[in-house]
Amino acid sequence: MKFPQEHTLQQIATIIDAQYIGDANFPVKGMNEIHVVTPGDIVFVDHPKYYDKALNSAATVILINKEVDCPEGKALLISEDPFSDFNKLTQYFKPFQKSDKSISDSAQIGEGTHIQPNTFIGNNVKIGSNCLIHSNVSIYDNAVIGNDVIIHSGTVLGGDAFYYKTRPEGFDKLRSGGRVIIEDNVEIGANCTIDKGVTGDTTIKEGTKLDNLIQVGHDTVIGRKCLIASQVGIAGAVIIEDEVTVWGQVGMRSGITVEKGGILMGQAGITKSTKANKIYTGNPAMESRAKLKELALLRQLPKLLEKLK
């Protein structure tokens, strides 16, 4: 998430009441999670296990809960609770905007686009031309939808990320300030849920088709010309490359990459990144040939046990 205008390190420190290490005028351009940071961004870290990763990331401002040596060309924000202060920044730069209309006055809707009754379109949404948005669709604030997109009834674009920190008193929610981006010629089936990014974008690229009842987690990127069948669950920050086919009831864990041209068979449990142009099946998933060989050997076990007797 980039800020509307560049801020200084001192200004950001004032917003969250934090100490800082670095030039007071050090430029701050935005804030992001570790996997999408770029120079000028703030990233937060609150566990020693991830200090080095954050300090050596592309981010140039690190919101951290311990005074450490500041890398050259970077700055630090020292906080007792970086998670909460990251939330404060999200709420400061992307506060919740109440909407009192079914279609916000700030929404931009292209020529030839049809919006069916009982659809909600939030603030600052952009929808391209020749789209068809069916009834009872909810499109939350700041979503961007391309041309020739079809979205079927009951789908929700832009729900909050499922991202919580465990505290003694319960679960503390990481606030979502990102967007959903749907590119041209995408079709999304009925009752799908596509969560916005925490600070970045959840993106479905050109020509991809989604069946009904699919969950797409925060910050996930789905490539071009993918086919995804019903009841698939995709966790946050997954990368699905171009021309991937995903059959029904597949589940994917967070942070993995499904490489180009892969085929994921029904009910596969994808716990690790996959290789390009390979077929995967089973739970946990394996390459299909290896899995079928394993099953064939398992079928021989009763005969082998009889021989041993």
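Placed above this text is the structure.
Fair warning: this is a prediction, and the values are worked out from it, not measured in the lab.

**Q** Looking at this structure, how should I read the overall build of the protein?
**A** From N to C terminus, the protein includes 5 helices and 34 strands. Out of the 309 residues belonging to the protein, those deemed buried represent 43%. Expressed as a percentage of contacts within the protein between residues at least 6 apart in sequence, the contacts between residues at least 24 apart total 24%. Taken as two groups, the 33 positive and 36 negative side-chain charges of the protein have centres that lie 9 Å from each other.

**Q** What exactly am I supposed to notice about the side chain of Ser79 here?
**A** Within the fold, Ser79 resides in the loop between β6 (75–78) and α3 (82–93). Ser79 sits in the buried class, given a relative accessible area of 5%. There is a polar contact of 3.0 Å between the side chain of Ser79 and the backbone nitrogen of Asp81. Beyond its immediate chain neighbours, meaning those up to four positions away, Ser79 contacts Leu63, Ile64, Asn65 and Asp85.

**Q** For this particular structure, what's the right way to read the layout of surface pockets?
**A** It is the rolling of a water-molecule-sized probe over the atoms that shows where space remains empty. Taken as a whole, the largest pocket holds about 720 Å³ of empty space. If you trace the largest pocket, you find 26 residues lining it, with Glu33, Ile34, Phe44, Tyr50 and Tyr163 closest to the centre. Secondary structure elements with two or more residues in the lining of the largest pocket: β4 (41–45), α2 (51–55) and β16 (164–167). Per-element accounting of the lining of the largest pocket gives the leading share, 3 residues, to β4. By volume, the second largest pocket amounts to about 480 Å³. Along the wall of the second largest pocket there are 18 residues; nearest its centre are Pro95, Phe96, Gln97, Asp141 and Lys196. The element contributing the most residues to the lining of the second largest pocket is α3, with 3 residues. Of the residues belonging to the lining of the second largest pocket, the class tally is 5 nonpolar, 8 polar and 5 charged.

**Q** How do you make sense of the nonpolar core when you look at a structure like this?
**A** In globular proteins that are soluble, nonpolar side chains generally tend to be buried together. Counting residues in each nonpolar core, the largest one holds 40 residues, and the members touching the most others are Ile139, Ile182 and Met252. Those residues in contact with Ile182 that sit more than four places away from it in its chain are Val144, Ile145, Gly146, Val149, Leu157, Ile188, Ile194 and Ile204. The next biggest cluster of nonpolar side chains, apart from the first, holds 23 residues, and it includes Leu63, Phe83, Leu89 and Leu174.

**Q** When you look at the side chain of Thr245 in this model, what are you seeing that I'm missing?
**A** Here Thr245 shows up in strand β28 (residues 245–246). Note on Thr245: relative accessible area 19%, which makes it buried. Setting aside anything within four residues of it in sequence, one finds Thr245 in contact with Leu227, Gly262, Ile263 and Leu264.

**Q** It is not clear to me how the pattern of salt bridges should be interpreted in this structure. Could you clarify?
**A** If the charged atoms of two oppositely charged side chains come close together, the side chains can form a pair. A full pass over the atoms with the stated rule returns 10 salt bridges. Asp105 is the salt-bridge partner of Lys101, the closest N and O atoms lying 2.8 Å from each other. Residue Lys101 is classed as partly exposed on the basis of its relative accessible area of 42%. On the basis of relative accessible area, Asp105 is assigned to the exposed category, the value being 64%. The salt bridge partner of Lys173 is Asp160, with a shortest N-O separation of 2.7 Å. Here Lys173 is found in strand β17 (residues 170–173), whereas its partner Asp160 is found in the loop between β15 (156–159) and β16, with 13 residues between them in sequence. By relative accessible area, which is 35% here, Asp160 ends up partly exposed.

Quick notes on the rules
- Residues numbered from 1 in each chain as written.
- Predicted model: local features only at pLDDT ≥ 70, side-chain atom pairs only at ≥ 80, totals over all residues.
- Heavy atoms only, no water.
- Helix = DSSP H or I, 4+ residues; strand = E, 2+ residues; numbered from the N terminus.
- Buried < 20%, exposed > 50% of the residue type's maximum accessible area, 1.4 Å probe, protein only.
- Contact = heavy atoms within 4.5 Å.
- Lys, Arg positive; Asp, Glu negative; His and termini not counted.
- Charge placed at Lys NZ, Arg CZ, Asp CG, Glu CD.
- Polar contact = N/O pair within 3.5 Å; in protein donor to acceptor, adjacent residues only side chain to side chain.
- 1 Å grid on protein atoms, 1.4 Å probe; cavity = no way out; pocket = protein on both sides within 12 Å on 5 of 7 lines; lining within 4 Å.
- Points joined across faces, edges and corners; volume = space filled by probe spheres on them.
- Nonpolar A, V, L, I, M, F, W, Y, C, P; charged D, E, K, R; others polar.
- Core = buried A, V, L, I, M, F, W, Y, C linked by side-chain atoms within 4.5 Å.
- Salt bridge = Lys/Arg side-chain N within 4 Å of Asp/Glu carboxyl O.

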